[in-house]
Amino acid sequence: MDTRTKAALKKYLAEGGTLGSLAKRPRKRAATAAFPCEPQAVYEKQVAALATRVRRIGVKDVTIGISGGLDSALCLLVAVGAFERLGLDRKGIHVCTLPGFGTTKRTKGNADLLCEGLGLALETIDITKACRQHFKDIGHDGRTPDVAFENAQARMRTMILMDKANMTGGIVLGTGDLSEIALGWCTYNGDHMSMFGVNAGVPKTVVRKVCAWWADAHGGDAGRALRDIEIGRAH
C-alpha cells in the first residue's frame, strides 16, 4: 500500500469509518458489527457453486495462488470440496505460491502445511527476479514505493496463474472476498481478475468464521495451518 493510500485510510478510520462499511459508524455502534452466519452452510454453498461451474464448463483443472492467508486458504478448501463432490482427482487442483519482496517464512510455511494436510502438491514460483526485470523494462528504479511498485507483484502473480491455467486447459480461481471487492481493495488487472471468484459473495468476517469451523471440524495439518494463519492475522 502506498503512503498516500495509507494516509487516506487512516483519516477515514479516524472519522468513524470501518473496513466493513464505507459509511461513517453510527453512534453507540461497535466498530466491527457481528455478521450472523452458519459457517458450514456457507462452505457448502461455496462448494456447490464451484462444483456447478466446473461441471457445466467441462473442465477438470483449476489453478489457485495461495499466499498463506485466510482468503486463499478458504478458496483451496472449497476447491477440494467441489472436486470431492464431482468425483474428480485432486491432481487437477494446481496450487502455486508466488513469493515476492514481502513474503515471510511464516506465510510460506503455512501455505506448505495447508497443502500437505490436504494432500496437494504445491509449486513455488518466486516472482522477485521477474518483477525486478519488469521494473527495469519500464524504467522504474525498483525502490520507490509508488503505485506501480505496489501493484506490480499482484499483476505478475495473476499473469503467471493465468498462463499456468492455460497450460492445463483449466480456470483460475479468484480468492478475494466480498469486503475487498466492495472496497476496491485489490489491484486492477491483478488479483481482481479470475475465471471464478470463490469468495466473491463472502465478507471477510465470514471467511474467518468458515475457516475456524473447518479447522475445528477437520483438524490435522490443514487445521493447524488455518489456526496459525488466524493467530498471525490477529497480531
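What this report covers is the structure whose coordinates are included nearby. (Residues numbered from 1 in each chain as written. Predicted model: local features only at pLDDT ≥ 70, side-chain atom pairs only at ≥ 80, totals over all residues. Heavy atoms only, no water.)

Quick look at the sheet that holds strand β4 (residues 93-97) now. Ordered in space as β5-β4-β3-β6-β7, the five strands form an open sheet in which the pairing is parallel. The open sheet has two edge strands with one neighbour each: β5 (122-124) and β7 (196-197). Strand direction decides the pairing type here: strand β6 (residues 171-174) and β7, joined by two bridges, are parallel. Residue Gly174 lies in a different strand from β7, and its bridge partner there is Gly197. Packing of helix α6 (residues 147-168) onto the sheet brings it into contact with β3 (62-65), β4, β5 and β6, and relative to β3 it is tilted by some 160 degrees. (Pairing = 2+ DSSP bridges. Helix = DSSP H or I, 4+ residues; strand = E, 2+ residues; numbered from the N terminus. Contact = heavy atoms within 4.5 Å. Axes fitted to C-alpha atoms, helices over the stretch in contact; angles between N-to-C directions.)

Closest axis-to-axis distance for the helix α3 (residues 70-86)/helix α4 (residues 105-118) pair is 11 Å, and the angle between their directions is 10 degrees. One way to sum up the angle between α3 and α4 is to call them roughly parallel. For the pair α3 and α4, the contacting residues are Ala73, Leu76, Leu77 and Val80 in the first and Leu114, Cys115 and Leu118 in the second. The class makeup of the residues in the contact of α3 with α4 is seven nonpolar, no polar and no charged. (Parallel < 35°, antiparallel > 145°, perpendicular 65-115°, else oblique. Nonpolar A, V, L, I, M, F, W, Y, C, P; charged D, E, K, R; others polar.)

Summarising the element assignment, Ser179 is placed in helix α7 (residues 178-183). When sequence neighbours within four positions are dropped, the list of residues in contact with Ser179 reads Val202, Pro203 and Lys204.

Another aspect to go through is empty space enclosed by the protein. Tallied over the entire structure, the rule returns one cavity of 30 Å³ or more. Lining the largest cavity are Ile66, Ser67, Gly68, Gly69, Ser72, Ala73, Asn110, Ala111, Leu114 and Ile229. Those elements that place two or more of their residues in the lining of the largest cavity are α3 and α4. Here the element with the most residues in the lining of the largest cavity is α4; it accounts for three residues. For the lining of the largest cavity, the residue count by class is five nonpolar, five polar and no charged. (1 Å grid on protein atoms, 1.4 Å probe; cavity = no way out; pocket = protein on both sides within 12 Å on 5 of 7 lines; lining within 4 Å. Points joined across faces, edges and corners; volume = space filled by probe spheres on them.)

The subject of this paragraph is the pattern of salt bridges. It is possible for side chains of opposite charge to pair when their charged atoms get near one another. Enumeration according to the criterion identifies ten salt bridges in this entry. Two residues, Asp71 and Lys204, come together in a salt bridge whose shortest N-O distance is 2.8 Å. Here Asp71, found in helix α3, pairs with Lys204, found in helix α8 (residues 204-218); they are 133 residues apart in sequence, far enough to count as distant. Since its relative accessible area comes to 8%, Asp71 is described here as buried. Put simply, Asp177 and Lys204 hold a salt bridge, and the shortest N to O gap is 2.9 Å. Pair noted here: Asp177 is in the loop between β6 and α7 and Lys204 is in helix α8, with a separation of 27 residues, a long-range link. (Salt bridge = Lys/Arg side-chain N within 4 Å of Asp/Glu carboxyl O. Buried < 20%, exposed > 50% of the residue type's maximum accessible area, 1.4 Å probe, protein only.)

Another aspect to go through is the packing of helix α5 (residues 128-138) against α6. For the pair α5 and α6, interaxial distance at closest approach is 10 Å and the crossing angle is 130 degrees. When the axes of α5 and α6 are compared, the pair comes out oblique. Seen along the crossing, α5 lies across α6 with a hand that is right-handed. Contact residues: α5 offers Ala130, Cys131, His134 and Phe135, while α6 offers Ala148, Phe149, Ala152, Gln153 and Met156. Its residues placed into classes, the contact of α5 with α6 shows seven nonpolar, two polar and no charged. (Left-handed = near helix turned anticlockwise from the far one by under 90°.)

Before going further, it helps to examine unusual backbone geometry. The residue Asn189 is not glycine, and still its phi comes out positive at about 65 degrees. Tracing the chain through its elements places Asn189 in the loop between α7 and β7.

To continue, consider the layout of surface pockets. Roughly 220 Å³ of internal volume is contained in the second largest pocket. Residue lining of the second largest pocket: 16 residues in total, with Gly176, Ile181, Asp191, His192 and Met193 positioned closest to the centre. Of the residues belonging to the lining of the second largest pocket, the class tally is six nonpolar, seven polar and three charged.

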